[in-house]
Amino acid sequence: MKTLVAERITVAYGINPPVLRDVSAAAVPGRMLAVTGASGAGKTTLLWAMAGLLRPVQGSVTLDGTPLRDRDHAAAQRVVLVPQDNGLAPILTAGENVQVALVAAGVPPAEARRATAEWLERLRVSGQADQLVEELSGGQQQRTAIARGLALRGDVLLADEVTSELDATNRQRVLDLLRQEAKRGAAVVLATHDPEAAAVCDGELHLVDGHAHLLR
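The rules behind these values
Within every chain, residues take consecutive numbers counted from 1 along the sequence as written. For a predicted model such as this one, the threshold for reporting local features is a pLDDT of at least 70, and the threshold for listing and counting side-chain atom pairs is 80 or more; totals across whole chains, interfaces and linings nevertheless cover every residue. The side-chain values count all of the structure's non-hydrogen atoms but skip hydrogen atoms and water molecules. One bridge is not enough; two strands pair if DSSP finds at least two bridges between them. Helix numbers and strand numbers start at the N terminus; a helix is a DSSP run of H or I with at least 4 residues, a strand a run of E with at least 2. Just to be clear on terms, a salt bridge is a Lys or Arg side-chain nitrogen sitting within 4 Å of an Asp or Glu carboxyl oxygen. Partly exposed residues are those whose accessible area sits between 20% and 50% of the maximum for their type, while under 20% is buried and over 50% is exposed, using a 1.4 Å probe and protein chains only. Multiply 1.5 Å by the residue count of a helix minus one, and that product is the helix's expected span. Regarding the arc, it is the one traced by the directions from the helix axis to the C-beta atoms. In this analysis, rings of Phe, Tyr and Trp, with Trp reduced to its six-membered ring, are considered paired at centre separations within 6.5 Å, and the interplanar angle assigns stacked below 30 degrees, edge-to-face beyond 60, and tilted for intermediate values. Whether a charge sits over a ring depends on NZ of Lys or CZ of Arg being within 6 Å of the ring centre and within 35 degrees of the ring normal.

*Asks:* Quick rundown of the sheet that holds strand β5 (residues 66-67)? Include the residues and the values.
*Replies:* Here four strands make up an open sheet; going across it, the order is β2-β1-β4-β5 and the pairing antiparallel. The open sheet terminates on both sides in strands that have one partner only, identified here as β2 (20-27) and β5.

Written as structure tokens, this is what we have:
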């Protein structure tokens, strides 16, 4: 398993003022890190930088000491991002969204079908496997996106507000599955505004006005 480190990164969008300033964070195998803060504090920006989607204007993002070049490089190194907006293809079914991602990652089709069925069942959306994404509720879409991310079995899992659309039962189920990923040895980072979700993590990085404060 791999350690993903953002070291003293400053991130801006175009010529706008930086969203993150001199922020450091580490995704460590076997541990869950909560990234907390108010809306607009930079939680998503930090995860995008750690996922290779944004290049810092200062500082570095490294995976086991090797600089992360871009999102393709990160994905090839098994850095999985579950985005806040779910990132599902609306023209595909729930099952197809999971299966296509697995096949694209090199999983043989038969194994991809088996894993798709398994993870949709674990997220309690197997009954929606053949429904188009646009026909699903917000919570069902979110759980499908989580199933896709977990099915990829990444070394690093970056989860952005993945419990925001869920009821208490499904939220607890997702948190338990994230903990199982950490026990498997994955490094898990959970961006959340939910204090109860943050409390189950091993550490907490709190963002305020683009600056980071390590609370525990």
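*Asks:* Residue-level account of the pattern of salt bridges, with values.
*Replies:* Where side chains of opposite charge bring their charged atoms close, a pairing between them can arise. Applying the stated criterion across every chain yields a total of 12 salt bridges. Here D155 makes a salt bridge to K2, at a shortest N to O gap of 3.7 Å. Of this pair, D155 sits in the loop between α5 (138-151) and β7 (156-160) while K2 sits in the segment before β1 (4-11), placing them 153 residues apart in sequence. An identical accessibility class is assigned to D155 and K2; each is buried. For E181, the salt bridge goes to R184, with nearest N and O atoms at 2.6 Å. Here the residue E181 and the residue R184 both occupy positions in helix α6 (residues 168-184), the gap between them amounting to three residues, near one helical turn. Look at R184 and you get partly exposed, because its relative accessible area is 27%. A single network of salt bridges, built from pairs that share partners, joins E111, R114, E118 and R122.

*Asks:* Give a description of helix α4 (residues 109-122) that names residues and reports values.
*Replies:* An ideal rise of 1.5 Å per residue puts 20 Å on 14 residues; α4 measures up with 20 Å between its terminal C-alpha atoms. Along α4, the positions that sit buried rather than exposed are A112, A115, T116, W119 and L120. The buried residues of α4 occupy an angular sector of 125 degrees when projected down its axis, which confines them to one face. Count one or two residues on from α4 and you reach R124, which has phi positive near 60 degrees.

*Asks:* Tell me about the packing of aromatic side chains, and name the residues and values.
*Replies:* As enumerated under the stated definition, the model contains zero aromatic pairs in all. For R122, the ring lying beneath its charged end belongs to W119, and the centroid distance is 4.3 Å.

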